Amino acid sequence: MKKSIIALDIGGTKVLGALFDQDFNLIDKKKKSTKTHDGIEKILDQIIKVISKLLETAAESNLECVAIGAGVPGVIKDGVVLFTPNIPWNHYPLADEIEKNFNIPVIIGNDANVSLLGEWGHGVAKNTVNTVGFFIGTGVGGGLILNSKIYTGHIGLAGEIGHITLNPDGIICGCGSRGCLESYSSKTGILKYIKAQIRHGRECVLKEEIDKQHSKYILRSSDIKEALDKGDECMVEALEIAAKYLGIAVASTLNIINPEMVVFGGGLVEALGNDFIHKIKSHVNRYCVPHATDDCSFELSTLGDDACLYGALTLVEERMISQEK
């Protein structure tokens, strides 16, 4: 029986899974809502459902699943999610919980680090030496490739670009701090801005849907694109703010890391494309030191939604190689 690997991208709004065979061919993909508002057990249940469906495909294809890799938002150490701002996990032993259900080895890493690893191994950043990744969706994640290796720091905290403080007196972030990049430039931050404008009596394209669903409303990237295409002034303003703060954060990162490439990914960037990247870059040039952008390219992720999946696959592959040595 041939071997296979399951790769997961677990985010604030979705659980995306993929089955790869031993030659790293993509066999099948499954997707479910994370259902973060329904509690920890429901989130785990959604993850289990995705894995179970993929294991059914593996059995039908005469494949044995030998490992599961996953990208998860937040601070990850030894399979434990120490903290994540958009999912109610705190010191949550996610790897163990999955292993208990399937008796298959599990390796997890920060989703943005894992996504950049995917782009570095299989996408736009392939063979680069020093690269920074910004992944913008429900939150804002970051990843660092330094000297051709993913850099995670002492306890796996490195690359938390979304929680750079840009305004110490700013709005409260999901991490508990104030004025983080994520507070302004993520879908969570954009939704907060839109809701504030609605409370102030402004007409927004999304008002009716937000009023109907209240706290259960989840802002999708497609909603942002639709509102923008309709010329919604509230959304235009929210995106201008998001681009400005992203530009400041990118500029600060360039000043510190001096990378050869900055990769932009995540649902928001995928929906808005290169126009949004150009908007970000226009702010970068205002805040970085002279020549910081010389020979540094700004690139849109080529793997899109699959970046984290290919990165999770690479995590498992590297673990297997290290165990064989």
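Residues numbered from 1 in each chain as written. Predicted model: local features only at pLDDT ≥ 70, side-chain atom pairs only at ≥ 80, totals over all residues. Heavy atoms only, no water.

## Some details on helix 7 (residues 221–229)
And then number 1: Of all the positions in helix 7, only S221, D223, I224 and A227 are classed as buried. All buried residues of helix 7 project into a common sector of 160 degrees when viewed along the axis, lining one side.
And then number 2: Residues of helix 7 that are buried in the fold lie against helix 5 (187–199), helix 8 (233–257) and helix 9 (267–272). (Buried < 20%, exposed > 50% of the residue type's maximum accessible area, 1.4 Å probe, protein only. Helix = DSSP H or I, 4+ residues; strand = E, 2+ residues; numbered from the N terminus. Arc of directions from axis to C-beta. Contact = heavy atoms within 4.5 Å.)

## Examining the pairing of strand 12 (residues 261–265)
And then number 1: Burial runs high along strand 12: five of the five residues are buried.
And then number 2: Of the two faces of strand 12, both are covered, the one formed by M261, V263 and G265 as well as the one formed by V262 and F264.
And then number 3: Across five bridges, the pairing between strand 9 (residues 131–136) and strand 12 is parallel. Considered in strand 12, the bridge of F135 is made with G265. (Pairing = 2+ DSSP bridges.)

## Description of the packing of helix 1 (residues 40–60) against helix 2 (residues 94–102)
And then number 1: Packing of helix 1 against helix 2 brings their axes to within 11 Å, and their N-to-C directions diverge by 45 degrees. With respect to helix 2, the axis of helix 1 lies oblique. The two elements helix 1 and helix 2 meet at a crossing, and its hand is right-handed. Judged by residue contacts, L44, I47, I48, I51, S52 and L55 of helix 1 engage L94, E97, I98, N101 and F102 from helix 2.
And then number 2: Its residues assigned to classes, the contact of helix 1 with helix 2 comprises eight nonpolar, two polar and one charged. (Axes fitted to C-alpha atoms, helices over the stretch in contact; angles between N-to-C directions. Parallel < 35°, antiparallel > 145°, perpendicular 65-115°, else oblique. Left-handed = near helix turned anticlockwise from the far one by under 90°. Nonpolar A, V, L, I, M, F, W, Y, C, P; charged D, E, K, R; others polar.)

## With respect to the sheet that holds strand 6 (residues 80–83)
Either a parallel or an antiparallel arrangement is found when strands of a sheet pair, and the pairing is made through backbone hydrogen bonds.
And then number 1: Spatial strand order, 5-6-7: three strands in an open sheet with antiparallel pairing. The sheet terminates laterally at strand 5 (75–77) and strand 7 (90–92), the two strands that pair on one side only. Within the sheet, the average angular offset between the axes of one strand and its neighbour, ignoring direction, is 20 degrees.
And then number 2: Of the strand pairs in this sheet, strand 6 and strand 7 are connected by two bridges, and their pairing is antiparallel. Residue V81 lies in a different strand from strand 7, and its bridge partner there is Y92.

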